[in-house]
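What follows is each chain in one-letter form.
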Amino acid sequence: METRPKAPASIHTANLLLLLAASVQAGAALILSASNAAGFAQWLFAAVVMGLLLWGIFRGYRLAWLWGRYLTLVLSAVMLATVALGLSLGRLRALQAAVMLGGIVFPMAAVGIALGRPSARRWFDLYCPKCGTPTSRGKDFLFRQARCPKCGAVW
Ligand SMILES: [Zn+2]
């Protein structure tokens, strides 16, 4: 067994917020399952993706870091636009919009920000051991090894 240093606060924060967003999404899927099959699948899919990210970050996979860092920011923005559109078209009630904002949009944006913190990057070993440059680039598709954008070192 490889020994890892204890996860910093930024990782704990990211995991907790991911759990919150996944729960809200699973809850939304459950509510929609009665009325809207397409909506159900979409929300369930989102909840499963969040669950996978949570597992990957927990295990310290760099690939999960990469997706967790950027996908959450993109999803948060998309969800924010969805809420704004829903409100302007009168399809969303204020309470629903508040739940989506507080339960999904803000937590996911915060996950992306938390994972971008230096302590999170350090925990995922994303600083070049040779020159100290932070990287978010993988040598391979699964990001098992990282490559330095500056000096080209692989670790
Ligand atoms: Zn380097």
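These numbers come from a predicted model, not from an experiment.

Asker: Describe the overall build of the chain, with residues and values.
Answerer: Helix and strand counts for the chain come out as five helices and zero strands. Of the regular secondary structure in the chain, the N- to C-terminal order runs α-α-α-α-α. Counting only C-alpha atoms, the chain reaches 55 × 30 × 25 Å along its principal axes. Relative to its full complement of 155 residues, the chain shows a buried share of 37%.

Asker: Go over the coordination of the zinc ion, please, and point to the residues and values.
Answerer: The coordination sphere of the zinc ion contains the protein donors Cys128 (SG), Cys131 (SG), Cys148 (SG) and Cys151 (SG), at a distance range of 2.3 Å. Coordination at the zinc ion comes from four donor atoms whose angles at the metal span 106 to 117°, giving a geometry best classed as tetrahedral. Read in sequence order, the donor residues for the zinc ion give the motif C-x2-C-x16-C-x2-C. In this pair, cysteine 128 sits in the segment after α5 (118-123) while cysteine 151 sits in the segment after α5, placing the two residues 23 residues apart along the sequence. Residue class for cysteine 128 comes out buried when judged on its relative accessible area of 4%. When its relative accessible area of 41% is taken as the criterion, cysteine 151 is described as partly exposed.

Asker: Give me the packing of aromatic side chains: which residues, what numbers.
Answerer: Per the counting criterion, the structure on display carries two aromatic pairs. A centroid spacing of 5.5 Å and a plane angle of 55° characterise the contact between tryptophan 55 and tyrosine 61, whose relative ring orientation is tilted. On the basis of relative accessible area, tryptophan 55 is assigned to the partly exposed category, the value being 48%. Seen from their ring centres, tryptophan 123 and phenylalanine 124 are 5.2 Å apart, and the 90° between their planes marks the pair as edge-to-face. According to the relative accessible area criterion, tryptophan 123 is buried, its value standing at 10%. Classification of phenylalanine 124 by relative accessible area gives buried; the value is 2%.

Rules used in this analysis
- Residues numbered from 1 in each chain as written.
- Predicted model: local features only at pLDDT ≥ 70, side-chain atom pairs only at ≥ 80, totals over all residues.
- Heavy atoms only, no water.
- Helix = DSSP H or I, 4+ residues; strand = E, 2+ residues; numbered from the N terminus.
- Buried < 20%, exposed > 50% of the residue type's maximum accessible area, 1.4 Å probe, protein only.
- Donors = N, O, S within 2.8 Å, 3.2 Å for Na, K, Ca; no water.
- Tetrahedral: all angles 85-135°; square planar, octahedral: opposite > 155°, others 65-115°.
- Phe/Tyr/Trp six-rings, centres within 6.5 Å; stacked < 30°, edge-to-face > 60°.

These values are about where atoms sit, not about what they do.
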